[in-house]
Amino acid sequence: MANRILPLELIDKAIGSQIWILMRGQTEFVGTLRGFDDYVNLVLDDAVEYAPDPRNENKIVKTELKSEVLLNGNHVAVLVPGGSGPEDSMASTFNS
């Protein structure tokens, strides 16, 4: 049987590296994971936010955040350690 890894252990291995985070709704973040807690509240550095343009839902607005960011774990849907974000995903090819 393969070794099992718990979810928080996987997140712990990602500290100090880039992570792609998909939030509930349509917002996504890419940044360097600095820390987390048991509720999966996340602290990111060098974060970039990707969100739909409120005037045109087919367009994505990219915002570089200049400070540390705290994300509420209740709103986190998917974590992709090492992920580079929506610009490099297969989904972006369908929206073109």
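This text goes with the structure placed above it.
The paragraphs below set out a description of the structure included in this document. No experiment lies behind these values; they were computed from the predicted model shown.

Describing the overall build of the protein
Assigned secondary structure in the protein consists of 2 helices and 6 strands. The burial tally for the protein puts 31% of its 96 residues in the buried class. In the protein, once contacts between residues fewer than 6 apart in sequence are set aside, the share between residues at least 24 apart is 48%.

Let's talk about the nonpolar core
I21, M23, F29, L33, L42, L44 and L71 are the most contacted members of the largest nonpolar core, which has 14 residues in total. Within the residue set of this core, elements represented by two or more residues are β1 (18–23), β2 (28–36), β3 (42–53) and β5 (69–71). Contact partners of L44, with chain neighbours within four places excluded, come to I19, I21, F29, G31, T32, L33, S67, E68, V69 and L71.

Side note on the side chain of E28
Counting through the fold element by element, E28 comes out in strand β2. Of the side chains bearing the opposite charge, K62 lies closest to the buried E28, which forms no salt bridge; the N-O distance is 12 Å. A polar contact is formed between the side chain of E28 and the side chain of W20, at a distance of 2.9 Å. Ignoring sequence-local partners within four residues, the contact set of E28 consists of W20, I21, L22, V48, E49, Y50 and P86.

Brief notes about the pattern of salt bridges
With the rule as written, the count across this model stands at 2 salt bridges. The partner of R34 in a salt bridge is D45, with the nearest N and O atoms 2.7 Å apart. With a gap of 11 residues between them, R34 in strand β2 and D45 in strand β3 connect regions that are remote in the sequence.

Side note on unusual backbone geometry
One non-glycine residue, V40, lies in the positive phi region at around 60°. Along the chain, the position of V40 falls in the loop between β2 and β3. A positive phi is found at D46, a non-glycine position, where the angle reads about 50°. By secondary structure assignment, the location of D46 is in strand β3.

Calculation rules
- Residues numbered from 1 in each chain as written.
- Predicted model: local features only at pLDDT ≥ 70, side-chain atom pairs only at ≥ 80, totals over all residues.
- Heavy atoms only, no water.
- Helix = DSSP H or I, 4+ residues; strand = E, 2+ residues; numbered from the N terminus.
- Buried < 20%, exposed > 50% of the residue type's maximum accessible area, 1.4 Å probe, protein only.
- Contact = heavy atoms within 4.5 Å.
- Core = buried A, V, L, I, M, F, W, Y, C linked by side-chain atoms within 4.5 Å.
- Lys, Arg positive; Asp, Glu negative; His and termini not counted.
- Salt bridge = Lys/Arg side-chain N within 4 Å of Asp/Glu carboxyl O.
- Polar contact = N/O pair within 3.5 Å; in protein donor to acceptor, adjacent residues only side chain to side chain.

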